[in-house]
Amino acid sequence: GAGVSQSPSNKVTEKGKDVELRCDPISGHTALYWYRQSLGQGLEFLIYFQGNSAPDKSGLPSDRFSAERTGGSVSTLTIQRTQQEDSAVYLCASTQYYNEQFFGPGTRLTVL
Amino acid sequence: RKEVEQDPGPFNVPEGATVAFNCTYSNSASQSFFWYRQDCRKEPKLLMSVYSSGNEDGRFTAQLNRASQYISLLIRDSKLSDSATYLCVVNLVGTSYGKLTFGQGTILTVHP
């Protein structure tokens, strides 16, 4: 079946611009996560949606970052006024009950 | 101190070798443990969960020592296709739900 998909696969933007990254989780998965992977930083958690519960936003690095999940499915991560340190690969994952977290291919964001 | 620390690597081994990776975690409340594999410029994929009793999957053996807060992965009879980055992953929740905490990863290169 279809896995987690993300778009765009690559995004180049100028410092100060806003960007939106999209994630389509595996159909039926109730939990959705955003992580980012920077050179030398490893994978770090950003935000987590579980069903209708309030999202866990504890990993968002600043208030320039926000995310929403519409209809319990697709999620959008928005970064406002991008900075060069936001350059990273943004990975989305989804899971159902006790199964593993399945990751999407990521969006490579480059802020010039 | 990082929440999850791994051997710095990189490991460069010949085919057929046995190689072991170690990982320590700082939060004693951690409940579930995993090894993920990440190929170059690809998303992480679950290699295996790690259970208190130790578990084996073919050439791969994972062990957990809760008292020492230590996790290991042993790969026997290394194949060229084992070349990847191996990520030690910890979760405060006893399932795949919840935010995963990743180690920096250990790069393995298996050469002919």
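All figures in this text were calculated on a predicted structure; none of them were measured in a lab.

So what's going on with the sheet that holds strand S7 (residues 75-79) of chain A? Which residues, and what values?
All names here are of chain A. In spatial order, the strands read S1-S3-S7-S6; together these four strands make up an open sheet with antiparallel pairing. Single-partner strands in this sheet number two, and they are strand S1 (5-7) and strand S6 (65-69). Here the strands of the sheet are splayed against their neighbours by 15° on average, with no regard to which way each runs. One ladder, built from three bridges, connects S1 with strand S3 (residues 19-24); its direction is antiparallel. The partner of Ser 7 across the bridge, within S3, is Arg 22.

I'd like a description of the layout of surface pockets, backed by residues and values.
Gaps between atoms show up when a probe of the same size as a water molecule is rolled over them. Estimated volume of the largest pocket: approximately 820 Å³. Looking at the largest pocket, it is lined by 29 residues, and the ones nearest its centre are Gln 37, Leu 39 and Arg 108 of chain A together with Gln 38 and Arg 41 of chain B. Grouping the amino acids of the lining of the largest pocket by side-chain chemistry returns 11 nonpolar, 14 polar and four charged. As a volume, the second largest pocket reaches approximately 510 Å³. Lining the second largest pocket we find 24 residues, and of these Phe 45 of chain A together with Glu 3, Leu 100, Thr 101 and Phe 102 of chain B sit closest to its centre. Contributing elements (two or more residues each) for the lining of the second largest pocket: strand S5 (42-50) of chain A together with strand S9 (84-91) and strand S10 (100-102) of chain B.

Account for the state of the cysteines, naming residues and giving values.
Residue and element names in this part refer to chain A. The final tally for this structure, using the stated rule, is two disulfides over all chains. Note on cysteine connectivity: Cys 23 is disulfide-linked to Cys 92, with sulfurs 1.8 Å apart. Taking the sign of the S-S torsion, -65° for the link of Cys 23 and Cys 92, the bridge is left-handed. Separated by 69 residues along the polypeptide, Cys 23 in strand S3 and Cys 92 in strand S8 (residues 88-95) bring together distant segments of the chain.

Each value, and the rule that gives it
Residue positions are given per chain, counting from 1 as you read along its sequence in written order. Labels are handed out in written order, letters beginning with A for the chains and numbers beginning with 1 for the ligands. Totals for whole chains, interfaces and linings use every residue, but because this is a predicted model, local features are given only for residues with pLDDT of at least 70 and side-chain atom pairs only at 80 or more, for both listing and counting. Processing note: side-chain calculations cover all non-hydrogen atoms of the structure and skip hydrogens and water entirely. Two strands are counted as paired when DSSP detects at least two bridges linking them. A run of H or I in DSSP becomes a helix once it reaches four residues, and a run of E becomes a strand once it reaches two; helices and strands are each numbered from the N terminus. Lines fitted to the C-alpha atoms define the axes, with helices restricted to the stretch that makes contact. Angles between their N-to-C directions range from 0 to 180 degrees. Only protein atoms enter the 1 Å grid, on which a cavity is a set of points fitting a 1.4 Å probe that cannot get out and a pocket is an open set with protein on both sides within 12 Å along at least 5 of 7 lines, lining residues being those with an atom within 4 Å of a point. Grid points are joined across faces, edges and corners, and a volume is the space filled by probe spheres set on the points. Three categories are distinguished: nonpolar for Ala, Val, Leu, Ile, Met, Phe, Trp, Tyr, Cys and Pro, charged for Asp, Glu, Lys and Arg, and polar for the others, with Gly belonging to the last. Criterion for a disulfide: a pair of cysteine sulfur atoms at a distance within 2.5 Å.

Geometric values such as these leave the question of function open.
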